[in-house]
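Residues per chain are reported as follows:
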Amino acid sequence: MKFTRFFFPLVLLFSCIAFFACEEDTTTIGSGIAAGEVEITIDTFYFTNSAYAKALAIDNFDSRTGNLLLGNIEVDGYGKLNCSFVTRFMCAPNLQIADSLLLPERVDSCKLVLGLERTSISGDSLSPQILSVFLLNKQLPSDITNTFNPEGYYNPSSPLGSSKYTVSNVSSTDSMFYNGTYVPVIVNLDKSFGEEIFEKYQTEPEIFQWPQTLAEKFLPGMFVKSTFGKGVVANIYDAYIAVFYHSKELSTTVNDGDTITELVNVAHAALPFSVAPEVISSNNISYIPSRKIEEVNAVNDGLCVITTPGGYFARLDLPMQPIIDRYREKDVHLSTVNDLYLYLPAEPVECDYDISVAENLLLIKTSEYESFFKENKIPDNLTSFTGVYDSTRKRYLFSSLRDYFIDLLKKDTITADDLDFMLVPVEITTETNSNSYYGTSTSYVTKCVPYSSRPTMTLIDTTNAMITFSFSTQLLD
């Protein structure tokens, strides 16, 4: 793959490690506050063979997320992926609105409703599927990962309910469904479960006050898995339990001058539980990469494939020492680091299905990888950075390495740990604050988790990776 190099005043290119090519552009722009000339230096460093990223096999990773995956696929060029999930539930705060009606004898049915995101489906959307739902009988572990085995946590011979579906939902005659963004999958649960919910609400209402209490005293959670079908993996963006019940109310009608008053059934629905970020939800993911991916990753020729969910991440050493040497080689009185950018070329990998590249990569010090996700941290632009994929230029841009470089300048000795980084596909949640007076807005990252919305494959090409570095210097008279 050929990567085109380009310049313009403050946007530059990138990189090198044991051997490095360096292109320099200097500009004298005049004097500063003190007498003397100010010079802006712009350098481009290229990675070389000693800086190649290496594929890092990931078998066990944090899979607690709001993106719940269900189904299985086997794709030539990608591999085999099998997904199920376990989840606790958040209690609804508004059951008290009609608590006098929440009686077991009034329950008509109970359902689990799953919302599938149509744009996050991989595979054959017309493939028929069957899912089954099981109640958990003990607490989920707090350190749950993708390798969690639910065996022993549920009774496989007693499903609470099952449902046949296709993720396309073409069988629906209502255009609201087959033209919509989301596909609802409704699972009919045992009516007795709804009756038990209402009974607990009447006899032990304190159970519903806190998710931990609910999990410990009544509902540890549910296990949902595919029991029939293959060829599709769907992302479930929402899940909740609905209990349908009725009340008896007087109804008056007039027929041929006669007034008739009678008791009739009036339908109601309660939504006592839903999946929420505050409770544990975790994917059980088994992924075996294809032989093609393993062959690419086995050869250290500057190319490696990273995948989701899990499979392979990448590990590389950033070539910072040559850049530090370049910064320090000038005999000047004043110098200021302006920018430090990393450009990382990447491309999709061809396969039978439309499996795209990861939209965002996290560049993080390897020593901080585990704690970053366990402690729900966000990128700090000092030891962790995010790069967004540019599909037009086919590359990721990491544009916030300036503070990291300045921190290295303060060290007497740069260690291997300072340069050892990982590349991890992530999903980023942001919030935007707007200032109407100045007409400006600022976006902040509020959440950063391993990407698990759908399968992805990304071919990383470090042979053409670049770092662009600019700094200003002033020699006083």
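As shown above, the structure is provided for reference.
Residues numbered from 1 in each chain as written. Predicted model: local features only at pLDDT ≥ 70, side-chain atom pairs only at ≥ 80, totals over all residues. Heavy atoms only, no water.

The next point concerns the pairing of strand 10 (residues 182-189). On strand 10, burial follows the alternation: Val-183, Val-185, Val-187 and Leu-189 on one face are buried, whereas Tyr-182, Pro-184, Ile-186 and Asn-188 on the facing-out side are not. By the bridge criterion, eight bridges tie strand 7 (residues 107-123) to strand 10 in an arrangement that is antiparallel. Within the sheet, the bridge partner assigned to Leu-116 lies in strand 10 and is Val-183. Looking at chain direction, strand 9 (residues 161-165) and strand 10 are connected through two bridges and run antiparallel. Pairing of Gly-161 across the sheet is with Leu-189, part of strand 10. (Buried < 20%, exposed > 50% of the residue type's maximum accessible area, 1.4 Å probe, protein only. Helix = DSSP H or I, 4+ residues; strand = E, 2+ residues; numbered from the N terminus. Pairing = 2+ DSSP bridges.)

Now for the pattern of salt bridges. Here the structure, examined in full by the defined rule, presents 10 salt bridges. Between Asp-420 and Arg-315 there is a salt bridge, with its nearest N and O atoms 2.5 Å apart. Residue Asp-420 is located in strand 21 (residues 420-435), and its partner Arg-315 is located in strand 16 (residues 311-317); the two are separated by 105 residues in the primary sequence. A relative accessible area of 34% means that Arg-315 is categorised as partly exposed. (Salt bridge = Lys/Arg side-chain N within 4 Å of Asp/Glu carboxyl O.)

Turning our eyes to something else, we now look at the packing of helix 5 (residues 321-328) against helix 7 (residues 402-409). Look at helix 5 against helix 7: their axes get within 11 Å of each other, and the N-to-C directions meet at 75°. One finds that helix 5 runs roughly perpendicular with respect to helix 7. On the side of helix 5, the interface is formed by Ile-323, Ile-324, Tyr-327 and Arg-328, while helix 7 contributes Phe-405, Leu-408 and Leu-409. (Axes fitted to C-alpha atoms, helices over the stretch in contact; angles between N-to-C directions. Parallel < 35°, antiparallel > 145°, perpendicular 65-115°, else oblique. Contact = heavy atoms within 4.5 Å.)

What follows deals with the side chain of Arg-454. By the secondary structure assignment, Arg-454 is in the loop between strand 22 (440-450) and strand 23 (456-461). Since its relative accessible area comes to 16%, Arg-454 is described here as buried. A distance of 3.4 Å separates the side chain of Arg-454 from the backbone oxygen of Ile-121, its partner in a polar contact. Leaving out residues up to four positions away in the same chain, Arg-454 has contacts with Leu-69, Thr-119, Ser-120, Ile-121, Ser-122, Thr-308 and Asp-354. (Polar contact = N/O pair within 3.5 Å; in protein donor to acceptor, adjacent residues only side chain to side chain.)

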